[in-house]
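Each chain, written out:
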Amino acid sequence: MDDINLHYRFLNWRRRIREIREVRAVRYRERLKKMLRDGDILRYHGNSDEVGCFVAARPLSKRNRYYEVTIIDTGVRGMIAVGLVPQLYKLDHQPGWLPQSVAFHADDGKLYNGNTVGQQFGPKCCRGDRIGCGISLDSDDGQLTVFFTKNGKEVGTVEVPGSPEALYPAVGMHSLGEEVLLDLNAEWGMEEDDGQMIVDSHEEDWNRLHDVKVTGTLLEYVGKGKSIVDVGLAQARRPLSTRFHYYELEITDAGEKCYIALGLARRDYPKNRHPGWSRGSIAYHADDGKLFQGSGVGDPFGPRCFEGDIMGCGIMFPRDYSQEAGDDVDDWDLEVFQKPSEVQNDMYVNNEDEEDEGEDLDGKKVMVFFTRNGKVVGRRDVSLPVGGLFPTIGMMSTGEKKFDRYENFERTLCNQTALTYFN
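Residues numbered from 1 in each chain as written. Predicted model: local features only at pLDDT ≥ 70, side-chain atom pairs only at ≥ 80, totals over all residues. Heavy atoms only, no water.

- Under an unreviewed UniProt entry, the name given to the protein is SPRY domain containing 3, and the source organism is Labrus bergylta.

Written out as structure tokens, the structure is:
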């Protein structure tokens, strides 16, 4: 009898082990639809009318709380989403569209938090960009802090209900040719000794901020917007130079009247004057497409700019121009990433024979140019003030928001990152 009971318990034990293995096999099985996985490569495998979605086999945890996706190819539309979803998430929906899911979308830079309507959150992402998603170690009262990164720098955070064990890494795609590199074992190293994340506000990139709030790479007007003295001004801490001579912004919210100006100004430029209105400045104004150069009266210059447009400004220095010793920028923090759009640069100037026009502030003449959506709008000769010309942005109506980038405009506009100087 004892032998029979022992044999019975042995069979039950083997059956129980098999059941546990089957449960684990189901529980820790990745799920994907309209996608192909080849090692760490995920590719879209639909007809662009269907959403493709990948859900990892295991959720994030305190030991493995972060993952990254590198965009290899944006395909036709670049509709790539990176985020966290429940294990049994519907695979015909982009991450972030359904309840209990959250995701950062590369094509529009928006955060989708359980809703098909996104909120402006960060910069758009393109080929070569690295998007990360992770969870904070601190979770209180059933709330979890989820953060997103772009190219190793934090974009922003959001509070979501739930626990880490209920959220699985997910990647969504929605157009032909989209392809990413998946790293489920990436590490997030921006931590202080006590385990708290360091939030990079990017305020150190700006020397002067007046009625403008900085959130990550987002600039937002917070002034009254009632009269011309209510200008909000943001001026970079470094002037453009032969090494870093282009920057641009993307209008993410035009506000009530899109009173947005992008240009260059001297260091001591008045804080309540739009760039271009006063001496020592030049700016392209989005609301009317006019160029203002040291005057409150603008000249017709280019098309008006609206939400979604990207405005750029740069300097083409003469070939014989030499940088002053005080303008050395070797200690700047540099990052370089690929940008798909190209702008042919046929403006490398050599103006030795040109007459000096405008304000003779320093005796050095440079050519300032402006772009809209990657195409050159126009250019003007400008006398360089002592100390140089600083990237300066003006805003004057409520609700205006924009992202800023510094770029190196050489033969093509091909390098980009948000709010970072370029080599």
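The structure having been displayed, the exposition proceeds.
What to know about the state of the cysteines
- What the rule picks out here adds up to 0 disulfides.
- Cys125 forms no disulfide, and the closest cysteine sulfur to it belongs to Cys126, at a distance of 7.5 Å.
- The exposure class assigned to Cys125 is buried, which follows from its relative accessible area of 9%. (Disulfide = S-S within 2.5 Å. Buried < 20%, exposed > 50% of the residue type's maximum accessible area, 1.4 Å probe, protein only.)

Here we look at the nonpolar core
- Core analysis: the biggest nonpolar cluster contains 35 residues, and Leu219, Ile251, Leu264, Met311, Ile315, Val368 and Phe370 have the highest contact counts within it.
- Examining the composition of this core, we find that 4 residues originate from one element, strand 19 (residues 246–254), more than from any other.
- Excluding residues that lie within four positions of it along the chain, Leu264 makes contacts with Leu240, Tyr247, Gly280, Ser281, Ile282, Cys313, Ile315, Val368, Leu389, Phe390, Pro391 and Thr392.
- If you look at the next biggest cluster of nonpolar residues, it comprises 32 residues, including Phe54, Ala56, Tyr67 and Cys125. (Core = buried A, V, L, I, M, F, W, Y, C linked by side-chain atoms within 4.5 Å. Helix = DSSP H or I, 4+ residues; strand = E, 2+ residues; numbered from the N terminus. Contact = heavy atoms within 4.5 Å.)

Description of the pattern of salt bridges
- Under the definition given, this model contains 11 salt bridges.
- The closest approach of N and O atoms between Lys34 and Glu50, which form a salt bridge, is 3.4 Å. In this pair, Lys34 sits in the loop between strand 1 (31–33) and strand 2 (35–38) while Glu50 sits in the loop between strand 3 (41–44) and strand 4 (52–55), placing the two residues 16 residues apart along the sequence.
- Between Lys213 and Glu220 there is a salt bridge; the shortest N-O distance is 3.8 Å.
- Residue Lys213 is classed as partly exposed on the basis of its relative accessible area of 41%.
- In this structure, a network of salt bridges that share partners links the residues Glu30, Arg37 and Asp40. (Salt bridge = Lys/Arg side-chain N within 4 Å of Asp/Glu carboxyl O.)

Considering the sheet that holds strand 8 (residues 110–113)
- Strand order in the open sheet formed by 7 strands is 1-4-13-6-7-8-9, with antiparallel pairing between adjacent strands. Each of the sheet's edge strands pairs with one partner strand only, and the pair in question is strand 1 and strand 9 (119–120).
- Here 3 bridges tie strand 7 (residues 102–105) to strand 8, and the two strands are oriented antiparallel to one another. Each residue of the ladder has a partner; that of Val102, found in strand 8, is Asn113. (Pairing = 2+ DSSP bridges.)

Observations regarding the pairing of strand 8
- Linking strand 7 to strand 8, which pair antiparallel, is a turn of 4 residues; within it Gly109 sits at a positive phi near 70°.
- Pairing of strand 8 with strand 9 involves 2 bridges; the strand directions are antiparallel. Residue pairing for strand 9: Lys110 is matched across the bridge by Gln120.
- With antiparallel pairing between neighbouring strands as the criterion, strand 8 and strand 9 make up a hairpin whose turn holds 5 residues, including Gly114 at a positive phi of roughly 65°.

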